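Secondary and tertiary structure notes
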Amino acid sequence: MNQPINQSTTSLVQELQTLRDFVRWALTNFNSHHLYYGHGTDNAWDEALHLVLGSLHLPWDSDDRLLDARLTQLEREKLLELIRRRCEDRTPLPYLLGESWFAGLSFKVDARVLIPRSPIAELIQDGFAPWFNEDEAPARILDLCTGSGCIGIACAYAFPTAHVTLSDVSEDALMVASENISHHHLSDRVVSTSSDLFAALGGETFDLIVSNPPYVDLRDLSLMPEEYHQEPELALAAGDDGLDLVRIILAQARKHLNEGGVLVVEVGNSETHLEALFPQVPFLWVEFESNASGVFVLTAEQLDEFQADFDAACKP
Ligand SMILES: C[S@@+](CC[C@H](N)C(=O)[O-])C[C@H]1O[C@@H](n2cnc3c(N)ncnc32)[C@H](O)[C@@H]1O
């Protein structure tokens, strides 16, 4: 399936000269290798442009005239290698570039973390309206299952006085999250901590708990394109129905939410399983302009009301 690119690098380095040549060459190979686009772009053309411009540290909306600029030999060799890895190894583009964009912000990423793509970005950019506003901003925020730290760090920008905790069970992910805290100069307000869900958070409480936990069920996991299998399995897999972690989050969140607090959780396609498991719970499913779905909101009061149901669902 992942056939090699059949042309010697030496001849290609001589033949391909300009950025435009490389975009065209990438496009041909992306199409012939039937790549999957789900990590920042959704088509071969955008992916080729992002690869060429991104790896040369040029803005992706650069003036078209730049495409006819010639490249140095080192740049040509670098581009050929990136195109080869994208096609033959199926490495997602953000891993190749070491960077991903979320809520208009740049994040360092590599294979230790999921590539940011949560629709929760839209909620953050809207300031979590109508649950919060400028006068009633959350003072303490928890980004549970933080990965690269993208959600919590974007929340810190949205609420400039809030203190944010980023937590994850993966030490690898926490290293990347810490790099992103430094990258955004937020170490005075954003901390990272190692915790298996809420286990190491003691008596800490928050006004907003936001989480994009692993929620892919067994069936979806087996059907995912190869690009997604390069992401940490710990970031995706969550048992038969995708709800292994969500059940625990629902049962334990209330203890860590202040009065008037809000829980926001992404469950993606596992929304159907969650509705079937708790038909009595009035999950509020966020409507996104992007047409995304699978993110619910529950208030602290609603968690109180259904605590017994959430506890029962956690019993073996
Ligand atoms: C779907 S990724 C989300 C990453 C990031 N929040 C984002 O939106 O890009 C889920 C994250 O949950 C972490 N995780 C998995 N099991 C966990 C657990 N039991 N406790 C805490 N974090 C966990 C994974 O390491 C991974 O970083």
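Residues numbered from 1 in each chain as written. Predicted model: local features only at pLDDT ≥ 70, side-chain atom pairs only at ≥ 80, totals over all residues.

General note: in soluble globular proteins, nonpolar side chains tend to be found buried as a group. Counting residues in hydrophobic clusters, the biggest one holds 62 residues, and the most contacted among them are Ile141, Ala154, Cys155, Ile209, Val246 and Leu263. If one sorts the elements of this core by residue count, helix α7 (residues 150-158) sits on top with 6 residues. Setting aside anything within four residues of it in sequence, one finds Leu263 in contact with Ile209, Ala253, Leu257, Leu298 and Leu303. (Core = buried A, V, L, I, M, F, W, Y, C linked by C-beta atoms within 7 Å. Buried ≥ 20, exposed ≤ 12 C-beta atoms within 10 Å, placed from the backbone. Helix = DSSP H or I, 4+ residues; strand = E, 2+ residues; numbered from the N terminus. Contact = placed C-beta atoms within 7 Å.)

A separate point is helix α8 (residues 171-183). Helix length check: α8 (13 residues) gives 18 Å between terminal C-alpha atoms against 18 Å at 1.5 Å per residue, within 8%. Buried within α8 are the following residues: Ala173, Leu174, Val176, Ala177, Asn180 and Ile181. Down the axis of α8, the smallest arc covering the buried residues is 160°, so these residues share one side. Exposed residues on α8 whose side chains face more than 90 degrees from its buried face are Glu171 and Ser182. (Expected span 1.5 Å × (residues − 1). Arc of directions from axis to C-beta.)

Going residue by residue along strand β1 (residues 99-102), you find Ser100 and Phe102 tucked away on one face and Glu99 and Trp101 left uncovered on the opposite face. Relative to strand β2 (residues 105-108), β1 runs antiparallel, the two being bridged by 4 bridges. Bridge pairing in β2 places Phe102 opposite Leu105. In textbook terms, the turn of a hairpin is the stretch between consecutive antiparallel strands, and for β1 and β2 this stretch comprises 2 residues, one of which, Ala103, has a positive phi near 50°. (Pairing = 2+ DSSP bridges.)

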